[in-house]
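Architecture and fold: a report
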Amino acid sequence: MPDGFYSLDARIQLARRARYSLDVQYYLIQDDRTGRLVMRNLRDAALRGVRVRLLVDDLYTAGADPMFRGLAAFPNVEVRLFNPFCCARQSIASKYVASIADFRRLNHRMHNKLFIADGVFAVMGGRNIADEYFARSATSNFVDMDVFVVGPVVGQLASIFDVYWNSPQAYPVQAILGESADREEARRSFDHLVDDGEQMRSLVLPPFDILGYGPISDDLDAGRLGLVWGTAVAFADQPGKVMATSAEMARSMSAQMNVMDRVMESNSDVVISSPYFVPGSMGVQAFGDLRKRKVKVVILTNSFAANDVPLVHSGYARYRVALLRTGVDIYELSPTRIQRNERLMLPGASLGRLHAKAAVIDQSMVYIGSVNLDPRSESTNTELGLFARCPELAKEVIRVINVSKLQSAYRLRFASDGQSLQWLATDDQGEVVLSAEPEVTPLMRLHNMLLAPFVPEQLL
């Protein structure tokens, strides 16, 4: 599901049609119109008698405590916070300041994204729950990817959810925020928050997505889902990764190892989408080894201008020249060129940023999930992913990546001196060749120049 509108609608449709259970796990659920729309449908499901379990990482809950406590006040709902902060919950900064002595633990976050209905349908991938993940922000939106899943692998995903739900790091929301003094008033406040306002407007869906699929509701109504079939396996970090006392201990639990191990087994070609890409010297060596075996490697990542975490770009840029020398093809997404890409259907003048975490190996094996190829995924955050052996799905994922790679990204190459870099793109006038980081302001350069030396690569 590459299109934001369709991906959000899939979650809403599952919530509205669920009969028995909804298990929902996210790194971020924003208190915006998208977050409120999802929360409203979770409440409605609970009022129909559906058991709702919501597990949210506690980093981005700042300012949204009433929303989570309000949902928990309804019957059939349990809300838990993962790896919670103790106090000073007004902002992320105040949370960290109040808990500075516990920074090592709190720097580890649950990055998983998962939505399971009745134990038989699941949506998982790269999207959190906020406007910018579903092409609903007026300023900037993420190009992302999810997958709609049925079959035995849903049972694996459900087991992973249960492990996190029952882990010592998951606290009932009441244990952190306190019990609502008046549960009825908490429910009324929640109703007012999610029932009034712009989120009440129905989602307006285009007739087809990039891949030619119609709305999932049409398939569900007809009782015949338009799926491609393959064999799949789900994998995730252990929840206890957030309690690791060393990077080595965290790496031993890392889902990123599953991704890179599969990549290294490729025989012909690898296509990777990783928005936050910091390969490190070992990653450069690994991709170099693939090239020595004549494996074609294509990587799509964010350009400096497109990266919503600019400091991550400084970590990536250290290895860019070395990667190119191995023969890896690198493409960097342009935040403004993607505005003109009508196939991605981003609204108005909003900037586009890459957020899809995906890989296609030998045109037959597909990875989709939350794992970035960076140090945070490797040794700091918990992650969730899925591998599917399905040539038809592989073909679709490559098509989606190519929409951004060929129409909205710069291809990197060496200039004639064999040292400096050039960024190539194509527009109506033909090929465009740039010799400096495109679309970057002096202020952005200054910001990274001043801060990058003080941020350890392990935190990127």
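Because the structure is a prediction, the values reported are computed rather than measured. Numbering of residues begins from 1 in every chain and follows the order in which that chain's sequence is written. Under the rules for a predicted model, residues below a pLDDT of 70 receive no local features and side-chain atom pairs below 80 are neither given nor counted, while totals for whole chains, interfaces and linings still include all residues. Neither water nor hydrogens contribute to the side-chain values; these are computed over all heavy atoms in the structure.

1. A closer look at helix α3 (residues 65-72)
- Type-normalised accessible area, obtained with a 1.4 Å probe on protein chains alone, sets the label of each residue: buried when under 20%, exposed when over 50%, and partly exposed for intermediate values. The secondary structure listing takes helices from DSSP runs of H or I that are at least 4 residues long and strands from runs of E that are at least 2 residues long, numbered from the N terminus. Summarising burial for α3: 6 of the 8 residues are buried, a large majority.
- Considered for burial, the residues of α3 that qualify are Asp65, Met67, Phe68, Gly70, Leu71 and Ala72.

2. Quick word on the nonpolar core
- To qualify as a nonpolar core, a set must consist of buried Ala, Val, Leu, Ile, Met, Phe, Trp, Tyr and Cys residues joined through side-chain atoms within 4.5 Å. Ranked by size, the top nonpolar core spans 88 residues in total, and within it Leu22, Met39, Leu42, Leu54, Phe68 and Phe287 carry the most contacts.
- Looking at this core, the element that brings in the most residues is helix α2 (residues 33-47), giving 6 residues.
- Note on definitions: a residue-residue contact is assigned when non-hydrogen atoms from the two residues lie within 4.5 Å. What Met39 contacts, discounting residues up to four positions off in sequence, is Ile29, Leu54, Met67, Phe68, Leu71, Phe190 and Val194.
- Core analysis: the next-biggest nonpolar cluster, separate from the first, contains 47 residues, Val271, Tyr331, Ala358 and Val397 among them.

3. With respect to the packing of α2 against α3
- Direction vectors running N to C along α2 and α3 enclose 15 degrees, while the axes themselves pass 10 Å from each other. Regarding the angle of α2 to α3, the classification is roughly parallel. Seen along the crossing, α2 lies across α3 with a hand that is left-handed. For the pair α2 and α3, contact is made by Arg36, Met39, Leu42 and Arg43 and by Met67, Phe68 and Leu71, respectively.
- Across the contact of α2 with α3, the residue classes break down as 5 nonpolar, no polar and 2 charged. A fitted line through C-alpha atoms represents every axis, and for helices the fit uses only the stretch in contact; the resulting angles, taken between N-to-C directions, go from 0 to 180 degrees. When an angle is under 35 degrees it counts as roughly parallel; over 145 it counts as roughly antiparallel; between 65 and 115 it counts as roughly perpendicular; any other value is oblique. Two helices cross in a left-handed way if the nearer one is turned anticlockwise from the farther one by less than a right angle. They cross in a right-handed way if the turn is clockwise. Nonpolar residues are Ala, Val, Leu, Ile, Met, Phe, Trp, Tyr, Cys and Pro. Charged residues are Asp, Glu, Lys and Arg, and all others, Gly as well, are polar.

4. A closer look at the side chain of Asp131
- Within the secondary structure layout, Asp131 lies in the loop between β5 (121-125) and β6 (140-143).
- What makes Asp131 buried here is its relative accessible area of 11%.
- Apart from residues lying up to four places away in sequence, Asp131 is in contact with Asp32, Arg33, Thr34, Arg136, Ser137 and Asn141.

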